[in-house]
Amino acid sequence: MELTATRRWFAVLGYVALYSFAMASLSVRANDLQEGAEISAGNWEQMKSQTFEGKTIESMVSDKIQMMVREYGLKITLKHSEPMTYGNAIMDATARYSGQVKYDPQTRKVSGYVAGIPFPDYKAIEAAPPEQAGDMLIYNWFYAGVADGDYTGCYGPYATLQIDPAKGIERIQGASATVFRTMGRTSGGPTQVGDDPNVRKLQVIVFDSPYDIAGLGIYRVVYDDGRVDDLYAYVKSVRRVRRLSGGSWMDTLAGTDILNDDTYSFTGHPIWYPRIELKEKRWVLWPVHSQPIKTHDLDEVLDYKNPPYWNFINNAWEPRQVYVIEVTTPDGHPYGKKITYMDAELPAALWTEAYTRSGEFWRIIYSTYGPEPPKPGEGGPALYQLYNFGAWDVRYAHGNYMDCGQWDSNLQLQVKDISPRLLIDAANGKRIGQKTQFGKGP
């Protein structure tokens, strides 16, 4: 009975969201820019005061994204906003279990979590003190990760590019990425698997080409209770997998400028950061409903032929409400702080601005998203998956671009299938997926 009532509550929320979008459409001003209009450095001054869905362009583009448009050739193609949907399994688990989740402001830890989104009442989050609200928003991302299924494999043509914004692409590396959720599972069967109930997920990111870096990557065991991750890497010279120090979550991801902590904008446990504070809720433009990438030719996803050679393309930008969250990093972390823009409908970090300890702007770590049709038997609306991921580093004039060729979710894999052995397999040219080459490129 309780579950039914809660599902009705979600249905009401869904109706309210759709009604709000309908009313927003009706309130669009007659002189609004049209969908498909492009904003660039050449027309920024003319476009910034114009409106889209009743809001000025300038008000929806953060200072640092404005800088990328005006100085780094980023182009924004407008698209009308759409509501983001939850998968049925996530929604059911949230309705069933979120009522028992507790946040302790003294320890900053969460208890009672089983599955789904731990804190779905965003009005309650907004009413909480800013430090608690920041923690709760990050916990929604930390636990739910609704962009992922219980198993998410990014393989097939998954490429990482090293980019010199003055010269072009320096290097293309093939890789695969795997996330296996051991806690909070929603695809059927038990909600927790594995021997340790405090293991939250297993994660592997590993390069398999070119040959000189094959096997370079990390295997990570991520805990729920605040323990530092267990990290393992393949040492090519001795052909063995070795355990890394606990502080490696702040090191750079093999072969890139991006920190291990930058994956999806956040990798660390919330309590590892001394302070996480909700600063504001605002509107921004960002791609979350772009067309699925098909052939994965670089020509379709990246403007690699024109300086600064790192801008993603063919992504449609729509108005999104976001929470702006300031994250203070711990001693020893390369950054002094992060400013993260998290979608207000779906707990997904859209982009993060990283700053040095002296407050100098360093880089943007971004993620664009798109809907992934449910697999046979899953039913319900789409899940959202990562389309593009990368970094624009203005301090050291360097960029990274990562593109996932094929996502697979909820394959029938077991805990034993996700082991450090995957690093050795990559070193020997093996990959979980079937396709081994990226699409056409330079």
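Cut-offs and rules
Residues numbered from 1 in each chain as written. Predicted model: local features only at pLDDT ≥ 70, side-chain atom pairs only at ≥ 80, totals over all residues. Heavy atoms only, no water. Helix = DSSP H or I, 4+ residues; strand = E, 2+ residues; numbered from the N terminus. Buried < 20%, exposed > 50% of the residue type's maximum accessible area, 1.4 Å probe, protein only. Contact = heavy atoms within 4.5 Å. Areas by Shrake-Rupley, 256 points an atom, 1.4 Å probe, with all protein chains shown as cover. Expected span 1.5 Å × (residues − 1). Salt bridge = Lys/Arg side-chain N within 4 Å of Asp/Glu carboxyl O. Pairing = 2+ DSSP bridges. Phe/Tyr/Trp six-rings, centres within 6.5 Å; stacked < 30°, edge-to-face > 60°. Lys NZ or Arg CZ within 6 Å of the ring centre and 35° of its normal. Core = buried A, V, L, I, M, F, W, Y, C linked by side-chain atoms within 4.5 Å. pLDDT = per-residue confidence, 0-100.

**Side note on the overall build of the protein**
Here is step 1 of the chain: Regarding its fold elements, the protein presents 8 helices and 21 strands.
Here is step 2 of the chain: Sorting the 442 residues of the protein into buried and exposed places 57% on the buried side.
Here is step 3 of the chain: Across the protein, every contact between residues at least 6 apart in sequence was considered, and the portion connecting residues at least 24 apart equals 65%.
Here is step 4 of the chain: Of the roughly 18400 Å² of accessible surface on the protein, a fraction of 51% belongs to carbon and sulfur atoms.

**A word on helix H3 (residues 63-72)**
Here is step 1 of the chain: For H3, the complete set of buried residues consists of Lys64, Ile65, Gln66, Met67, Met68 and Val69.
Here is step 2 of the chain: Immediately beyond the C-terminal end of H3, within one or two residues, lies glycine 73, with a positive phi of roughly 75 degrees.

**A short note on the environment of aspartate 224**
Here is step 1 of the chain: Among the secondary structure elements, aspartate 224 is positioned in the loop between strand S11 (217-223) and strand S12 (230-235).
Here is step 2 of the chain: With 25 residues separating them in the primary sequence, aspartate 224 and valine 199 have C-alpha atoms 5.9 Å apart.
Here is step 3 of the chain: When neighbours within four sequence positions are excluded, aspartate 224 is seen to be in contact with Phe142, Tyr143, Met183, Asn198, Arg200 and His269.

**So, helix H6 (residues 130-144)**
Here is step 1 of the chain: For H6, which comprises 15 residues, the first-to-last C-alpha distance of 21 Å matches the rise-based estimate of 21 Å (1.5 Å per residue) to within 8%.
Here is step 2 of the chain: Of all 15 residues that make up H6, 12 are buried, and the element is covered over most of its length.
Here is step 3 of the chain: Taken residue by residue, H6 has Ala133, Gly134, Asp135, Met136, Leu137, Ile138, Tyr139, Asn140, Trp141, Phe142, Tyr143 and Ala144 as its buried positions.
Here is step 4 of the chain: Glycine 145 sits one or two positions beyond H6 and adopts a positive phi of about 45 degrees.

**Examining the pattern of salt bridges**
Here is step 1 of the chain: All told, the structure shown has 26 salt bridges when counted by the stated rule.
Here is step 2 of the chain: For arginine 171, the salt bridge identified is with aspartate 212, shortest N-O distance 3.0 Å. In this pair, arginine 171 is assigned in strand S9 (residues 168-181) and aspartate 212 in the loop between strand S10 (199-209) and S11, connecting sequence segments 41 residues apart.
Here is step 3 of the chain: Assessed through its relative accessible area of 47%, aspartate 212 is described here as partly exposed.
Here is step 4 of the chain: Between arginine 363 and aspartate 393 there is a salt bridge, with its nearest N and O atoms 2.9 Å apart. With a gap of 30 residues between them, arginine 363 in strand S18 (residues 361-372) and aspartate 393 in strand S19 (residues 383-393) connect regions that are remote in the sequence.

**Topic: the side chain of serine 98**
Here is step 1 of the chain: Assignment of secondary structure puts serine 98 in the loop between helix H4 (88-97) and strand S5 (102-104).
Here is step 2 of the chain: A relative accessible area of 16% places serine 98 in the buried class.

**Let's talk about unusual backbone geometry**
Here is step 1 of the chain: Geometrically, the link from proline 307 to proline 308 is a cis peptide bond, its omega value of 5 degrees lying close to zero.
Here is step 2 of the chain: On the secondary structure map, proline 308 appears in the loop between helix H7 (298-301) and strand S15 (316-328).
Here is step 3 of the chain: In the Ramachandran plot, tyrosine 264 falls in the positive-phi region, its phi being about 60 degrees despite a non-glycine side chain.
Here is step 4 of the chain: Positionally, tyrosine 264 belongs in the loop between strand S13 (240-243) and strand S14 (275-286).
Here is step 5 of the chain: In this structure tyrosine 264 comes out as buried when scored by relative accessible area, which is 9%.

**Description of the pairing of S13**
Here is step 1 of the chain: As paired elements, S12 and S13 share 4 bridges and run antiparallel to each other. Following the sheet pairing, tyrosine 234 is matched in S13 by valine 241.
Here is step 2 of the chain: Linking two consecutive strands that pair antiparallel, namely S12 and S13, is a turn of 4 residues; a positive phi of about 55 degrees is found at arginine 239 within it.

**What to know about the packing of aromatic side chains**
Here is step 1 of the chain: Across all of its chains, the model carries 23 aromatic pairs by this definition.
Here is step 2 of the chain: Through successive ring pairs, a cluster of aromatic residues spans Trp286, Phe312, Trp317, Tyr341, Trp351, Tyr366 and Trp392.
Here is step 3 of the chain: It is arginine 200 that lies over the ring of phenylalanine 142; its NZ or CZ is 3.6 Å from the centre.

**Section: the nonpolar core**
Here is step 1 of the chain: Of all hydrophobic cores here, the largest spans 99 residues; its most connected members are Ile57, Ile65, Leu78, Trp286, Ile325, Trp351 and Trp392.
Here is step 2 of the chain: When residues in this core are grouped by element, the largest group, 9 residues, is from H6.
Here is step 3 of the chain: For tryptophan 392, the contacting residues outside a window of four places in its chain are Ile65, Met68, Leu74, Trp310, Asn311, Phe312, Trp362, Arg363, Ile364, Tyr366 and His398.
Here is step 4 of the chain: Ranked by size, the runner-up nonpolar core spans 16 residues in total, among them Phe180, Val204, Val221 and Tyr234.

**Considering the confidence of the model for the protein**
Note that predicted coordinates carrying low pLDDT should not be read in detail.
Here is step 1 of the chain: Confidence along the protein averages 85 in pLDDT terms, with 83% of residues attaining 70 or more.
Here is step 2 of the chain: This model gives residues 434-442 a pLDDT under 50, and the stretch forms 25 contacts once residues within four places in sequence are excluded.

**A word on the environment of aspartate 135**
Here is step 1 of the chain: On the secondary structure map, aspartate 135 appears in helix H6.
Here is step 2 of the chain: A residue is classified by how much of its surface remains accessible, and aspartate 135, at 2% relative accessible area, is buried.
Here is step 3 of the chain: Along the primary structure aspartate 135 and valine 327 are separated by 192 residues, whereas in three dimensions their C-alpha atoms are 9.5 Å apart.
Here is step 4 of the chain: Dropping the residues within four chain positions of it, aspartate 135 is found in contact with Tyr103, Arg108 and Ile276.

**Focus on the pairing of S15**
Here is step 1 of the chain: Of all 13 residues in S15, 11 are buried; the element is thus mostly enclosed.
Here is step 2 of the chain: Sheet topology places strand S4 (residues 76-78) next to S15; 2 bridges connect them, and they run parallel. The residue of S15 that forms the bridge with leucine 78 is tryptophan 317.
Here is step 3 of the chain: Inspection of the sheet shows S14 paired to S15 by 11 bridges, in the antiparallel sense. Note that in S15 the partner of glutamate 280 across the bridge is valine 324.

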